[in-house]
Amino acid sequence: MEELIKRLVASGLTEQQAYKAVEIVKDFAKEKFPLFAGAINKVFDKYGPKEEDDFLG
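Residues numbered from 1 in each chain as written. Predicted model: local features only at pLDDT ≥ 70, side-chain atom pairs only at ≥ 80, totals over all residues. Heavy atoms only, no water.

Examining a nonpolar patch on the surface
Part 1 of the argument: Residues Phe33, Leu35 and Phe36 make up a contiguous nonpolar surface patch of roughly 400 Å² in combined accessible area.
Part 2 of the argument: Residue placement: phenylalanine 33 occurs in the loop between helix 2 (15-32) and helix 3 (37-47).
Part 3 of the argument: Residue phenylalanine 33 is classed as partly exposed on the basis of its relative accessible area, which comes to 48%. (Patch = residues over 30% accessible without salt bridge, like charges linked within 9 Å, V, L, I, M, F, W, Y side chains within 5 Å. Areas by Shrake-Rupley, 256 points an atom, 1.4 Å probe, with all protein chains shown as cover. Salt bridge = Lys/Arg side-chain N within 4 Å of Asp/Glu carboxyl O. Helix = DSSP H or I, 4+ residues; strand = E, 2+ residues; numbered from the N terminus. Buried < 20%, exposed > 50% of the residue type's maximum accessible area, 1.4 Å probe, protein only.)

Here you go:
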């Protein structure tokens with residue numbers, strides 16, 4: 001997930017925007033593939049920001 005965030009930031013997004021974009025993709029995937037929502041959550045939770053990395057402060 002860190003690599004994806006870095007790529008998004010390199011494309012011109014702020015770090016906050018990059019995390020929001022990833023959150024949107026996660027929600028979209030869960031909406032389109034509800035049978036895989038649990039697996040999608042696990043993947044994003046495993047590779048997403050940790051609580052101590054919360055960019056919203």
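As for the pattern of salt bridges
Part 1 of the argument: Evaluated as defined, the whole model comprises three salt bridges.
Part 2 of the argument: With a shortest N-O distance of 2.8 Å, glutamate 3 and arginine 7 are connected by a salt bridge. Of this pair, glutamate 3 and arginine 7 are both found in helix 1 (residues 2-10), four residues apart, which corresponds to roughly one turn of the helix.
Part 3 of the argument: Look at arginine 7 and you get exposed, because its relative accessible area is 57%.

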